[in-house]
Amino acid sequence: MYDLTGFQRDLLYVIAGLDEPHGLAIKEELEDYYEKEIHHGRLYPNLDTLVEKGLVEKGQRDRRTNYYTLTRRGRREIEARTEWEGQYVDH
């Protein structure tokens with residue numbers, strides 16, 4: 001998790017919180033949070049990076065739509081990050 005950008009970490013959290021979201025659903029969640037448009041050129045390369053790192057799995061819903069889920073490793077990374085944050089921030 002230490003080698004991820006803040007944006008990539010946010011992608012992980014959004015994927016963890018939704019049920020097999022597709023790219024557009026992830027994009028809309030982040031746009032609500034950031035209060036600005038997220039361009040496809042930023043979104044999809046970062047999702048691909050998370051897939052390459054083994055944190056996210058990409059599946060195909062139909063010929064045009066992919067969905068994303070956390071891998072076991074992705075869940076462990078979020079848990080470890082939450083634990084680490086808990087040392088410094090009261091929840």
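Refer to the structure above for everything that follows.
Residues numbered from 1 in each chain as written. Predicted model: local features only at pLDDT ≥ 70, side-chain atom pairs only at ≥ 80, totals over all residues. Heavy atoms only, no water.

Caption draft 1: View of helix α4 (residues 72-86). Look at α4: 21 Å from first C-alpha to last across 15 residues, which is about the 21 Å you get at 1.5 Å a residue. Taken residue by residue, α4 has G74, E77, I78 and R81 as its buried positions. Across the axial projection of α4, the buried residues extend over an arc of 100 degrees, all falling on one side. Along α4, the residues that are exposed and aim more than 90 degrees away from the buried face are R72, E79 and E83. Contact partners of the buried residues in α4: α1 (6-17) and β2 (66-70). (Helix = DSSP H or I, 4+ residues; strand = E, 2+ residues; numbered from the N terminus. Expected span 1.5 Å × (residues − 1). Buried < 20%, exposed > 50% of the residue type's maximum accessible area, 1.4 Å probe, protein only. Arc of directions from axis to C-beta. Contact = heavy atoms within 4.5 Å.)

Caption draft 2: Here's a closer look at helix α2 (residues 23-34). In a regular helix each residue adds 1.5 Å, so 12 residues correspond to 16 Å; α2 covers 16 Å between its end C-alpha atoms and thus fits that length. Turning to α2, its buried residues are G23, A25, I26, K27, L30 and E31. Those residues of α2 that are buried are in contact with α1, α3 (40-52) and β2. Positive backbone phi, at 60 degrees, marks E35, one or two positions downstream of α2.

Caption draft 3: Main features of the pattern of salt bridges. Counting across every chain of the model gives five salt bridges. Among the salt bridges present, the one from K58 reaches D48, with a minimum N-O distance of 3.6 Å. Residue K58 is located in strand β1 (residues 56-60), and its partner D48 is located in helix α3; the two are separated by 10 residues in the primary sequence. Residue class for K58 comes out partly exposed when judged on its relative accessible area of 39%. (Salt bridge = Lys/Arg side-chain N within 4 Å of Asp/Glu carboxyl O.)

Caption draft 4: The packing of aromatic side chains, seen in detail. Counted by the stated rule, this structure contains three aromatic pairs. An angle of 25 degrees between the planes, with centres 6.1 Å apart, marks the rings of F7 and Y34 as stacked. Residue F7 is located in helix α1, and its partner Y34 is located in helix α2; the two are separated by 27 residues in the primary sequence. Its relative accessible area of 24% is what places Y34 among the partly exposed residues. A ring pair is formed by Y33 and Y34, whose centres lie 5.4 Å apart and whose planes are at 50 degrees; its orientation type is tilted. Taken together, the ring pairs in this structure connect F7, Y33 and Y34 into an aromatic cluster. (Phe/Tyr/Trp six-rings, centres within 6.5 Å; stacked < 30°, edge-to-face > 60°.)

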